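Notes for the structure review
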Amino acid sequence: MSDEDFLARQFETHRTHLWSVAFRMLGSGADADDALQETWLRLSRSDTSDVANLAGWLTTVVSRVCLDQLRARRSRSEVSLDDPDHPREPTLPQPATGPEHEAVLADSVGVAMLVVLDTLSPAERLAFVLHDMFGVPFDEIAPIVDRAPAATRQLASRARRRVQGATLTPSDLSRRRQVVDAFLAASREGRFDDLLTLLDPEVRLHADDAAVATAHHAAAAGAPLLERELVGADAVATAFSGRAKKAQTVLVDGMPGAAWAPGGIPRSVFVFTIDDGRVAAIDVVVDPEEIAALDIVFVDD
């Protein structure tokens with residue numbers, strides 16, 4: 001068996017997974033085929049003898065190819081395989097896929113989902129697809145989008161909110177806003193027990209570096225400290241009891257959230273994840289660059 005045949009067999013083992021990633025990234029069967037062909041070419045040119053996890057390596061490569069396609073969305077120049085000035089590239093064997101296969105996958109993903117994914121930035125789409133749809137950890141996605149894992153997590157969070165905001169019904173959004181309004185009221189008034197009823201028992205809070213630093217400075221004046229990570233309703237209720245006195249309800253990437261915005265300029269943003277009528281996660285964002293990347297809309301009382 002030639003080296004090319006061996007590589008082709010290895011590639012075939014992972015083809016279905018790679019095509020699914022590419023399809024969700026690009027929203028087109030033809031573009032997904034192009035991405036797989038380019039991934040195959042990169043595999044055939046690479047020394048993978050030291051690669052311990054070929055599936056992970058190939059997922060990274062196809063993701064980079066898709067990211068390039070999303071950023072450019074233009075056709076690559078074609079080089080004739082019969083041109084004597086260019087060596088013949090190894091051609092990836094074509095699978096038994098076609099319009100029917102693409103239609104089945106599109107149906108499983110959801111046409112509405114594909115439309116919403118097209119509204120995301122390339123980096124947001126990649127982070128969301130790889131993490132939320134394929135369970136790839138953020139520390140593996142981060143090098144692909146050239147960001148730190150924390151920033152990559154924010155990319156996926158923004159994408160998730162935009163996807164949810166575009167697919168939820170008005171009544172769903174109204175119910176979520178009611179939860180946020182109730183949470184802010186209980187926080188301002190220090191109603192600890194009411195906060196507990198609004199929080200999922202396993203609620204998670206994540207504060208960015210700027211939020212933690214700001215809280216430490218405020219602690220000198222007697223304000224409570226804010227930890228970077230908190231888990232559990234008791235811990236999160238304790239952190240918010242008597243807090244958020246000047247926060248107001250806003251839409252963050254289309255989803256109900258809150259912000260402290262003196263003079264109409266958001267300085268702190270509270271991003272809520274709500275599941276089954278309870279707050280399942282809270283992200284506290286104070287970093288100006290991260291806030292600038294959010295789509296914040298003030299809502300009428």
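Note that this is a predicted model, so its numbers are computed, not measured. (Residues numbered from 1 in each chain as written. Predicted model: local features only at pLDDT ≥ 70, side-chain atom pairs only at ≥ 80, totals over all residues. Heavy atoms only, no water.)

**Topic: helix α8 (residues 149–167)**
Under the convention used in this document: Here a helix means four or more residues in a row that DSSP labels H or I, a strand means two or more in a row labelled E, and each is numbered from the N terminus. How far a helix is expected to stretch is found by multiplying one less than its residue total by 1.5 Å. Relative accessibility decides the category of a residue: with a 1.4 Å probe and only protein chains considered, values under 20% of the type maximum give buried, values over 50% give exposed, and everything between is partly exposed.
Over its 19 residues, α8 extends 27 Å from the first C-alpha to the last, a length consistent with the 27 Å expected when each residue adds 1.5 Å. Three or more residues of α8 are buried, namely T152, Q154, L155, A156, S157, R158, A159, R161 and V163.

**With respect to the sheet that holds strand β2 (residues 229–231)**
Sheets are built from strands that pair by backbone hydrogen bonding, the pairs being arranged parallel or antiparallel. Keep this limit in mind: Strand pairing is assigned whenever DSSP detects at least two bridges linking the two strands. Geometry is summarised by axes, namely lines fitted to C-alpha atoms with helices restricted to the contacting stretch, and by angles between N-to-C directions that run from 0 to 180 degrees. Residue contacts follow a heavy-atom distance rule, with two residues in contact if any of their heavy atoms lie within 4.5 Å.
Here we have seven strands laid out as an open sheet, ordered β2-β1-β6-β5-β4-β3-β7, and mixed in their pairing. On the outer flanks of this sheet lie β2 and β7 (296–298), each paired with one strand and no other. Taken pair by pair, the neighbouring strands of this sheet meet at an average axis angle of 25 degrees, ignoring direction. Judged from the seven bridges that link them, strand β5 (residues 268–275) and strand β6 (residues 278–285) form a sheet pairing that is antiparallel. If you follow V271 over to β6, its bridge partner there is D283. Relative to the sheet, helix α12 (residues 233–240) contacts β1 (199–207), β2, β5 and β6, its axis offset from that of β1 by approximately 55 degrees.

**Details of the packing of helix α7 (residues 138–145) against α8**
How we decide: Here the word oblique covers every angle except those under 35 degrees (roughly parallel), over 145 (roughly antiparallel) and from 65 to 115 (roughly perpendicular). For this classification, Asp, Glu, Lys and Arg are treated as charged, while Ala, Val, Leu, Ile, Met, Phe, Trp, Tyr, Cys and Pro are nonpolar and the rest, including Gly, are polar.
At a minimum axis distance of 8 Å, the contact between α7 and α8 shows a crossing angle of 90 degrees. In this view, α7 runs roughly perpendicular relative to α8, as classed from their interaxial angle. Of the residues in α8, those touching α7 at F138, D139, I141, A142 and V145 are P149, T152, R153, L155 and A156. Across the contact of α7 with α8, the residue classes break down as seven nonpolar, one polar and two charged.

**Digging into the side chain of D283**
What counts here: We call two N or O atoms a polar contact when they sit within 3.5 Å, provided that within protein one can donate a hydrogen and the other can accept it, with sequence-adjacent residues counted only if both atoms are side-chain atoms.
Mapped onto the elements of the fold, D283 is located in strand β6. Side-chain polar atoms of D283 contact the side chain of R153, separated by 2.8 Å. Ignoring sequence-local partners within four residues, the contact set of D283 consists of R153, Q154, H206, V269, F270 and V271.

**Comments concerning unusual backbone geometry**
Backbone geometry at D146 places phi at a positive 60 degrees, although glycine is not the residue there. Of note, D146 is situated in the loop between α7 and α8. Its identity is not glycine, yet D253 carries a phi of approximately 55 degrees, on the positive side. As for its position among the elements, D253 is in the loop between β3 (248–252) and β4 (255–260).

**Some details on the pattern of salt bridges**
Put simply, the test is: The working definition used for a salt bridge is a side-chain nitrogen of Lys or Arg within 4 Å of a carboxyl oxygen of Asp or Glu.
Counted under the stated rule, the structure contains 15 salt bridges. Its salt-bridge partner being D132, residue R160 comes within 2.6 Å of it at the nearest N-O pair. With R160 in helix α8 and D132 in helix α6 (residues 122–133), the pair connects residues that are 28 residues apart, well separated along the chain. For R160, a relative accessible area of 22% puts it in the partly exposed group.

**Notes on the nonpolar core**
For the record, the criterion: By nonpolar core is meant a set of buried Ala, Val, Leu, Ile, Met, Phe, Trp, Tyr and Cys residues that side-chain atoms within 4.5 Å join together.
Ranked by size, the top nonpolar core spans 43 residues in total, and within it M25, V62 and L126 carry the most contacts. Counting residues per element, the ones that place at least two in this core are α1 (3–26), α2 (29–45), α3 (54–72), α5 (111–117), α6, α7 and α8. If one sorts the elements of this core by residue count, α1 sits on top with ten residues. Excluding anything up to four places from it in sequence, V62 contacts L18, V21, A22, A35, L36 and T39. Core analysis: the second largest hydrophobic core is formed by 31 residues, L184, A186, L230 and A239 among them.

**Digging into the packing of α6 against α7**
Describing two packed helices takes the angle between their axes plus the distance from one axis to the other. Quick reminder of the rule: Crossing handedness follows the turn of the near helix against the far one: under a right angle anticlockwise gives a left-handed crossing, and clockwise gives a right-handed one.
Where α6 meets α7, the axes come as close as 10 Å, and the angle between the chain directions of the two elements is 155 degrees. Of the possible angle classes, the one that applies to α6 and α7 is roughly antiparallel. Between α6 and α7 lies a crossing whose hand is right-handed. Along the contact surface, α6 presents A123, L126, A127, L130 and H131, while α7 presents F138, I141, I144 and V145. Considered class by class, the residues forming the contact of α6 with α7 number eight nonpolar, one polar and no charged.

**Here we look at the pairing of β4**
Counting buried residues in β4 gives five out of six residues, a clear majority hidden from the surface. Here β3 pairs with β4 via five bridges, running antiparallel. Each residue of the ladder has a partner; that of L251, found in β4, is P256. Taken together, β3 and the strand that follows it, β4, pair antiparallel across an intervening segment of two residues, in which D253 is found at a positive phi of about 55 degrees. Alignment of β4 against β5, held across three bridges, turns out to be antiparallel. Residue pairing in the sheet places A258 in a bridge with F270 of β5.

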